[in-house]
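# Structure assessment
The residues making up each chain are set out below.
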Amino acid sequence: MSEPTDHAETRTPLLFGRVLDGQGGAREIGWEEAQDWQPGAPGEVLWLHICRTRAGVRDWLEEQLHIPEPTAELLTSDQTRPRAFAEGETLVGTLRGINFNPGAEPEDMISMQLWCDGRRLITLRRYPLQTPREVVAMLDRGDGPPDAGATITMLAELLIARMSQSIVDMNHVLDELEDMDSEEHAEDMLKRISTIRRNCLGLKRHMAPQHEALEQISKDAPYWFEEHDRREIAESIARLRRYLDDIDISKESALVLQDELRARSLASSEHATYMLTIVAGIFLPLSFLTGLLGINVGGMPGMDDPDAFWAVVALCGLLFIALIVVFRRLRWL
C-alpha cells in the first residue's frame, strides 16, 4: 500500500491549510478563511499548501500576499532547479524530493516551491508529494513543528531522508546482481545496472544543487529563522552530503560490476574466437591434402590400389597428431 500524498480534488488551489499554534499542534483552515487571516494569538503561523497549476494562483500571490511579479513567476513556473534566497524579510526557495508516484523512477524528482515571511508559509507543488502530508499528520497529532522556520527545516529534512530508501534499494539490487550467474543472466544484469547508473546520475544532478540551496537558507534566511533552525538545516546539509557520497559509491559499484560483466563477455568471445582459429589451423593442412588428392586428373597415385584410401586416412591421422604436438609445444593449446 502506497503512502498518502498531498493529492486532493478541490475546486480551489488549496490542497490543505493549517494554522500552527506554536506548540506543535494546528487547526485546519479553509481557502476562504485564509484570505483575510490574521494571527489570533502570539506564535500562530498560517501554512497553505497549494497546487501551483490551478488557475489564478499567480494573481493571488501578487494581489493577496503582495509578492513581486518576478518572485510570483518563479513560484509558479516549471523552472524547478533547487535554489533559495532572501527577499527582504521573506524567504523564497525551491526544493526537490524523490518521486514516489506510481510508474515514476527515483530520478524523476518532484519540486516544491516555498515562500515565507515568518507569519505565513506558502508551499506550492505541481505533482503530489508525500512529505507535506507527513508534516500535516504530525501537526494534527500535536507533535509537529511549532513555527515557520521549524516547518521549513522539517520539510527539507524529510525530503532528504526519503533519499536514503532509494539508495538502500539500489544497493540491495547491486548485492543481488553480484550473487547472480553472470553467464546465464548477463543481458538482464547489464540492463539493471544501466538503470541504477541512470538513477544515480539523476539523483546526483538534482540533489547537488539542493545542497547549495540549503546552505543559502542557512546563511541568508531572515531574522525569524532562528538559530536552532539553522542548526537543523546544517544537520540536513551534512546528511545530504553523506547521501551524495553514497550515491557516488553506488555509481562506482555499478560501474565496476558492469566492467566486470563486459570483461567476462569479452574474454568468453575472445576464447571462442581463439579456439575457432586453432581448429582452423589444425584442419587447414588436412583440407589441403584431401583437396589435392580429390582432383580429377590423370596420374593420381593409388587410383587402382584398394588400400590407398586407408593409407590416406592414416596419413591424415599422423598429420593431425603432428599438428597437435606442434601446437602444444608452441603453447597454443
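Placed above this text is the structure.
Summarised in this report is the structure supplied together with it. Worth saying up front: this structure is predicted, and the values here are computed from it rather than measured. (Residues numbered from 1 in each chain as written. Predicted model: local features only at pLDDT ≥ 70, side-chain atom pairs only at ≥ 80, totals over all residues. Heavy atoms only, no water.)

## Comments concerning the overall build of the protein
The line we're drawing: Comment: elements are numbered from the N terminus, with helices defined as DSSP H or I runs of at least four residues and strands as E runs of at least two. Any pair of residues with heavy atoms lying within 4.5 Å of one another is described as a contacting pair. Here, Shrake-Rupley sampling with a 1.4 Å probe gives the accessible areas, and only protein chains in the shown set may cover a residue.
A count of helical and extended segments in the protein gives eight helices and seven strands. Sequence separation of at least 24 residues holds for 67% of the intrachain contacts in the protein that already meet a minimum separation of 6. Entry remark: accessible area of the protein is about 18300 Å², with carbon and sulfur atoms responsible for 54%.

## As for the pattern of salt bridges
Definition in use: The rule for a salt bridge is simple: a side-chain nitrogen of Lys or Arg has to be within 4 Å of a carboxyl oxygen of Asp or Glu. Three exposure classes are used, based on accessible area relative to the maximum for each residue type with a 1.4 Å probe and protein chains only: buried under 20%, partly exposed in between, and exposed over 50%.
In total, this model carries 10 salt bridges according to the counting rule given. Put simply, Glu 69 and Arg 58 hold a salt bridge, and the shortest N to O gap is 3.4 Å. Here Glu 69, found in helix α3 (residues 69–76), pairs with Arg 58, found in helix α2 (residues 57–64); they are 11 residues apart in sequence, far enough to count as distant. Assessed through its relative accessible area of 31%, Arg 58 is described here as partly exposed.

## Let's talk about the nonpolar core
Note that soluble globular proteins tend to have their nonpolar side chains buried in a common cluster. Note the threshold: What is meant by a nonpolar core is a set of buried Ala, Val, Leu, Ile, Met, Phe, Trp, Tyr and Cys residues, joined one to another through side-chain atoms within 4.5 Å.
In this structure, Trp 47, Ile 152, Leu 214 and Ile 217 are the most contacted members of the largest nonpolar core, which totals 55 residues. Mapped onto this core, the elements with two or more residues apiece are β1 (14–20), β3 (45–51), β5 (90–97), β6 (110–116), α4 (131–141), α5 (148–179), α6 (186–220) and α7 (227–293). Setting aside chain neighbours within four positions, we find Ile 217 in contact with Ala 84, Leu 91, Phe 225, Arg 230 and Ile 233. Ile 29, Trp 37, Leu 46 and Ile 122 belong to the second largest nonpolar core, which has 21 residues in total.

## Here we look at the packing of aromatic side chains
We count it as follows: Each pair of aromatic rings taken from Phe, Tyr and Trp, with Trp reduced to its six-membered ring, is defined by centres within 6.5 Å and is described as stacked if the planes are under 30 degrees apart, edge-to-face if over 60, and tilted in the remaining cases.
A full pass over the atoms with the stated rule returns three aromatic pairs. Consider the rings of Phe 16 and Trp 47, whose centres lie 5.2 Å apart with planes at 90 degrees: the pair is edge-to-face. A residue pair is termed long-range when its members are at least 10 positions apart, and Phe 16 in strand β1 and Trp 47 in strand β3 qualify at 31 residues. Using a relative accessible area of 1% as the deciding quantity, one classes Trp 47 as buried. Where Trp 31 meets Trp 60, the ring centres are 4.9 Å apart and the plane angle is 40 degrees; that geometry is what we call tilted.

## Observations concerning the sheet that holds β3
For clarity, the threshold we go by: Strand pairing is defined by DSSP finding a minimum of two bridges between the two strands. Think of each axis as a best-fit line through the C-alpha atoms, taken over the contacting stretch in the case of a helix, with angles from 0 to 180 degrees between the N-to-C directions.
If you trace the seven strands from one edge of the open sheet to the other, you get β2-β1-β3-β7-β6-β5-β4, paired in mixed fashion. Looking at the sheet topology across the chains shown, the edges are occupied by β2 (26–28) and β4 (83–87). With strand direction ignored, the average angle separating the axes of adjacent strands in the sheet is 20 degrees. Here six bridges tie β1 to β3, and the two strands are oriented antiparallel to one another. By the bridge assignment, Leu 14 is partnered in β3 with Ile 50. In the packing of α3 onto the sheet, the strands contacted are β4, β5, β6 and β7 (120–125), and the crossing angle to β6 comes to about 150 degrees.

## Side note on a nonpolar patch on the surface
Worth spelling out the cut-off: Nonpolar side chains (Val, Leu, Ile, Met, Phe, Trp, Tyr) are joined into patches within 5 Å and like charges within 9 Å, using only residues with over 30% relative accessible area and no salt bridge.
A cluster of nonpolar side chains, contributed by Tyr 274, Met 275, Val 326, Leu 330 and Trp 332, occupies part of the molecular surface with about 450 Å² of accessible area. With respect to the helices and strands, Met 275 occurs in helix α7.

## A look at unusual backbone geometry
Of all residues except glycine, most have a negative phi; of all peptide bonds, most are trans. Even without a glycine there, the phi angle at His 66 is positive, about 60 degrees. Within the secondary structure, His 66 is located in the loop between α2 and α3. Accessibility expressed as a relative area gives 65% for His 66, which makes it exposed.

## Section: the packing of α4 against α5
A packed helix pair is summarised by two numbers, namely the angle formed by the two axes and the spacing between the axes. Using the following cut-off: Angle categories are assigned with fixed cut-offs, so that under 35 degrees is roughly parallel, over 145 is roughly antiparallel, 65 to 115 is roughly perpendicular, and the rest are oblique. Helix crossings are classified by the rotation of the near helix relative to the far one: an anticlockwise turn of less than a right angle makes the crossing left-handed, while a clockwise turn makes it right-handed.
Packing of α4 against α5 leaves a shortest axis separation of 9 Å and a crossing angle of 125 degrees. By the criterion of interaxial angle, the relationship of α4 to α5 is oblique. Read as a crossing pair, α4 and α5 show a hand that is right-handed. Along its contact with α4, which presents Thr 131, Pro 132, Glu 134, Val 135 and Met 138, the element α5 presents Thr 151, Met 154, Leu 155, Leu 158, Leu 159 and Arg 162.

## Some remarks on α5
Rule in force here: Each residue after the first adds 1.5 Å to the expected span of a helix. Any pair of nitrogen or oxygen atoms within 3.5 Å is treated as a polar contact; in protein, a donor-acceptor pairing is required on top of that, and neighbouring residues in sequence qualify only through side-chain atoms on both sides.
Compared with the 46 Å implied by 1.5 Å per residue over 32 residues, the 48 Å span of α5 between its first and last C-alpha is a close match. With a side-chain oxygen lying 3.4 Å from the backbone nitrogen of Gly 149, the N-terminal cap of α5 falls on Asp 147.

## Brief notes about the packing of α2 against α3
For the record, the criterion: Under the convention adopted here, Pro, Cys and the residues Ala, Val, Leu, Ile, Met, Phe, Trp and Tyr are nonpolar, Asp, Glu, Lys and Arg are charged, and Gly plus all remaining residues are polar.
Axis separation between α2 and α3 bottoms out at 9 Å; the angle between their running directions is 145 degrees. Note that α2 runs across α3; the crossing there is right-handed. Of α3, the residues touching α2 (which contributes Val 57, Arg 58, Leu 61 and Glu 62) are Glu 69, Ala 72, Glu 73, Leu 75 and Thr 76. Tallied by class, the residues present in the contact of α2 with α3 amount to four nonpolar, one polar and four charged.

## Notes on the environment of Arg 83
Within the secondary structure, Arg 83 is located in strand β4. For Arg 83, a relative accessible area of 42% corresponds to the partly exposed category. When neighbours within four sequence positions are excluded, Arg 83 is seen to be in contact with Leu 74, Val 92, Gly 93, Thr 94 and Ala 213.

## Some words on the pairing of β1
Within β1, seven of the seven residues are buried, which leaves it mostly tucked inside the rest of the structure. Note that β1 and β2 share three bridges and pair antiparallel. Bridging across to β2, Arg 18 finds its partner in Glu 28. Two successive antiparallel strands, β1 and β2, enclose a turn made up of five residues, where Gly 22 displays a positive phi of approximately 85 degrees.

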